[in-house]
Amino acid sequence: MKPTHQLPYLGLLLFSLIPSQLCEICEVSERVHVQLDPLLDTMIQPKYTSVTQSADVLLSLRLIGIQNQNQTIIEALSQQVRNTVERRGLDLSSGQLALIILALGACHTHDETFIFNQHLLGHLENKFKAELENMEEYDGNPLTNYYQLSQDVLALCLFNRTYSTTTVAKLFAPENKNYYLGGQFSVDTGAMAVLALTCVSRSLKEQPKAQEEDLESIENHIRSLVKMILSEKKENGLIGNMFSTGAAMQALFVSSEYYSESEWNCQETRNTILSEISQGAFNIPAAAAQILPPLLGKTYLDVTKDSPCTYASGNSPLSIPVRTTVTPTYSPSLISVHYSVKINKTYSIDVTVPSGSVFLDVMKEAQKENGTLFRFTVEQEEWGPYITSVQGLTANNNDRTYWQLLSGGKPLSQGVGSYAVHNGDNLEVLWSKY
Ligand code: CBY
């Protein structure tokens, strides 16, 4: 009799072990930690070009837990992030502020006092409110996007601030158009939403009088979003594209009760990512910082865990490699590419640039040759330069317009600062709606 009685408890125990087990199975083993060195090398930059780059890197390093001898690096990053807040004040988008809070709040350090003294969570509540007001005024379009709204809810939830769970349940319904960018389900966005909703559902369950209806609808949203994320899995294991796979892995780690083991081969995903790393694919700080935590089994939900962040397997944290500077010794040859600006009409030009140039160099060269047709403006974002206007026509979130980048008619999965152009490329910037 006895063993049968215990079975349900055993089942429960095993069930509660699933999420952490899944991370451990997929974690990069200590033996191959050197394969992560290129990421750490990319993340540590002498100068970060956007306000959130240093926050992204700080959050990532704190989550994975690095060796004590590297603490000065962490301290310098934290100082930079705090300076940003003091310099920029409220002139940050909601998601940027949320990311900064996650980075400063990670691992319970003295930075928590800074969050408190500067009332950062109160400011975030206001910014989240402003996003909702904008949605009411502009046909459901937020000031920023749903990736950032998810970051907002995640930060508010992790730091136990007030927000309406009914609003969250309504806002994050899987059929909402904001999960789609250019008609395509955005894996990054869906994954960040799963992290936020998981935090909300876990904290609802802890409350004595759970709001059953909200909880049920939030759990249904998580289930649907996980399905949508898994349906973007490619043959090689990537989910969406290379740059959304890290967020997708985090989402799948925290939601393992919503899919079966056969639906995701985590090792395959990890191995493809490791091989991409060895080919230099994650060569900008944001890309490196976002892929590192899930490779070590960490997620953004670990930010406020009780135990301070230490490396998942206990005793051997990563250390930052000594920078190897590579000085190019070759003199570049010239390549020629075709470049067009498309609005209703197409404006084209052939330009010559040194080999090794990126999309932005082509745009600059075209602008030099014809400052009317090819003039453009650019802003520094987390992932590098972002084109805000061409020929004076400016992207606008309220009407979901932007300048889309294409090569050979296909949308690029890299920005203007990182896409390396090839001889004979047919590059386009296309006035589009997402
Ligand atoms: N982060 C954000 O607010 C951005 C959220 C994000 C989903 C983001 C991808 C994912 C991430 N991890 O940060 C996102 N992109 C969004 C929301 C957008 C839209 C921005 C406008 C808005 N409403 O806020 C928009 C306009 C649809 C968009 N991205 C455009 C583009 C193109 C930029 C072209 C330009 N004008 O300069 C581009 C190049 C796609 C194209 N072919 O035109 C693009 N994005 C790309 C490639 C990317 C990926 C970058 C990968 C890389 N190696 O550089 C991306 C990671 C990201 C940044 N976009 Co958007 C998605 C991917 O490929 N997985 C939070 C905040 C705190 O920083």
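Position numbers for residues start from 1 in each chain and track the written sequence from start to end. Where totals are concerned, whole chains, interfaces and linings use all residues; where local detail is concerned, this predicted model gives features only for residues with pLDDT of at least 70, and gives and counts side-chain atom pairs only at 80 or more. By convention in this description, side-chain values take in all heavy atoms of the structure and omit both hydrogens and water.

With that out of the way, let us pick up the packing of aromatic side chains. Put simply, two rings from Phe, Tyr or Trp (the six-membered ring, in Trp's case) pair if the centres are within 6.5 Å, and we call them stacked under 30 degrees between planes, edge-to-face over 60, tilted for the rest. What the rule picks out here adds up to 12 aromatic pairs. Measuring from ring centre to ring centre gives 5.8 Å for phenylalanine 243 and tryptophan 383, while their planes differ by 80°; the resulting arrangement is edge-to-face. Of this pair, phenylalanine 243 sits in the loop between α11 (212-230) and α12 (245-254) while tryptophan 383 is found in the loop between β5 (376-381) and β6 (384-390), placing the two residues 140 residues apart along the sequence. Exposure categories follow from relative accessible area, calculated using a 1.4 Å probe and restricted to protein chains: below 20% of the type maximum is buried, above 50% is exposed, and the middle band is partly exposed. Of the residues examined, phenylalanine 243 reaches a relative accessible area of 16% and is grouped as buried. The rings of Tyr146, Phe172, Tyr179, Tyr180 and Phe185 are connected pair by pair, giving a single aromatic cluster. To qualify as a helix, a DSSP run of H or I must reach at least 4 residues; to qualify as a strand, a run of E must reach at least 2; elements of each kind are numbered from the N terminus.

Further remarks concern empty space enclosed by the protein. Lining residues are defined by having an atom within 4 Å of a point belonging to a cavity or pocket. Those points lie on a 1 Å grid over the protein atoms alone, cavities being sets where a 1.4 Å probe fits but cannot get out and pockets being open sets with protein on both sides within 12 Å along at least five of seven lines. Grid points are joined across faces, edges and corners, and a volume is the space filled by probe spheres set on the points. Applying the stated criterion across every chain, the model contains 2 cavities of 30 Å³ or more. A volume near 40 Å³ is recorded for the largest cavity. If you trace the largest cavity, you find it lined by Tyr147, Met192, Gly246, Ala247, Gln250, Gln290 and Tyr300. Residue contributions to the lining of the largest cavity peak at 3 residues, all from α12. Each residue belonging to the lining of the largest cavity can be placed in one class, and the counts come to 4 nonpolar, 3 polar and no charged. Considered as a void within the structure, the second largest cavity measures approximately 30 Å³ in volume. Along the walls of the second largest cavity sit Met242, Phe243, Gly246, Phe282, Ala287, Gln290 and Ile291, which together make up its complete lining. For this classification, Asp, Glu, Lys and Arg are treated as charged, while Ala, Val, Leu, Ile, Met, Phe, Trp, Tyr, Cys and Pro are nonpolar and the rest, including Gly, are polar.

Counting buried residues in β6 gives 6 out of 7 residues, a clear majority hidden from the surface. If DSSP finds at least two bridges between two strands, the strands pair. Pairing of β5 with β6, which is carried by 6 bridges, proceeds in the antiparallel orientation. Bridging across to β6, phenylalanine 376 finds its partner in valine 390. Relative to strand β7 (residues 393-394), β6 runs antiparallel, the two sharing 2 bridges. The residue of β7 that forms the bridge with valine 390 is leucine 393. Between β6 and β7, which pair antiparallel in sequence order, lie 2 residues; one of them, glutamine 391, sits at a positive phi of approximately 55°.

This part covers the sheet that holds strand β8 (residues 401-407). Read across the open sheet, the 5 strands follow the order β4-β3-β10-β8-β9; overall the sheet is mixed. The sheet terminates laterally at β4 (346-354) and β9 (410-411), the two strands that pair on one side only. Where β8 and strand β10 (residues 426-433) come together, 7 bridges link them in antiparallel fashion. Looking at the pairing, tryptophan 403 lines up with tryptophan 431 of β10. Two residues form a contact once any of their heavy atoms are found within 4.5 Å. Geometry is summarised by axes, namely lines fitted to C-alpha atoms with helices restricted to the contacting stretch, and by angles between N-to-C directions that run from 0 to 180 degrees. Relative to β4, helix α15 (residues 359-369) is tilted by about 110°, and along the sheet it contacts β3 (334-342), β4, β8 and β10.

On to the environment of leucine 230, then. Note on placement: leucine 230 falls in helix α11. For the pair leucine 230 and glycine 240, spaced 10 residues apart in sequence, the C-alpha separation works out to 9.0 Å.

Nearness is defined per residue: one heavy atom within 4 Å of the molecule or strand is enough. Around the ligand, a shell composed of 29 residues is seen, among which Asn145, Asn241, Glu382, Leu405 and Tyr434 lie nearest. Pairing of N or O atoms within 3.5 Å defines a polar contact, subject to two protein rules: one partner must be a possible hydrogen donor and the other a possible acceptor, and residues neighboring in sequence count only if both atoms are side-chain atoms. Glutamate 382 has a polar side-chain atom sitting 2.3 Å from an oxygen atom of the ligand. Here isoleucine 387 contributes a backbone N or O atom positioned 2.8 Å from an oxygen atom of the ligand. Elements represented by at least two residues in the shell around the ligand include exactly α5 (94-105), α8 (146-158), α10 (187-206), β6 and β8. Looking at the shell around the ligand residue by residue, the classes come out as 12 nonpolar, 15 polar and 2 charged.

Attention shifts here to the side chain of asparagine 134. By the element assignment, asparagine 134 lies in helix α7 (residues 120-137). The contacts of asparagine 134, once residues within four sequence positions are left out, are Asn141, Pro142, Leu143 and Asn398.

By a widely used convention, the size of an interface equals the accessible area lost when the partners come together. Here the protein chain is described as being made up of domain 1 (20-302) and domain 2 (334-433). Domain delimitation in this document rests on an assignment produced automatically or drawn from a domain database. Averaged C-alpha coordinates put domain 1 and domain 2 at centres separated by 29 Å. At the junction of the two partners, domain 1 supplies 22 residues and domain 2 supplies 12 residues. Reported buried area values correspond to the accessible surface (1.4 Å probe) lost by two parts on association, with both partners' losses combined. Of the roughly 1,400 Å² buried between domain 1 and domain 2, counting both surfaces, carbon and sulfur atoms make up 47%. For domain 1, the biggest contributors to the area lost against domain 2 are Asn141, Phe243 and Ile284; these three give 29% of the whole. If you look at where domain 1 meets domain 2, you find 8 residue pairs in polar contact (both at pLDDT 80 or more). Sorting the residues of the side of domain 1 that touches domain 2 by element identifies α3 (53-64) and α14 (285-295) as the ones contributing at least two each. No other element matches α14, which puts 3 residues into the side of domain 1 that touches domain 2. Its residues assigned to classes, the side of domain 1 that touches domain 2 shows 9 nonpolar, 11 polar and 2 charged.

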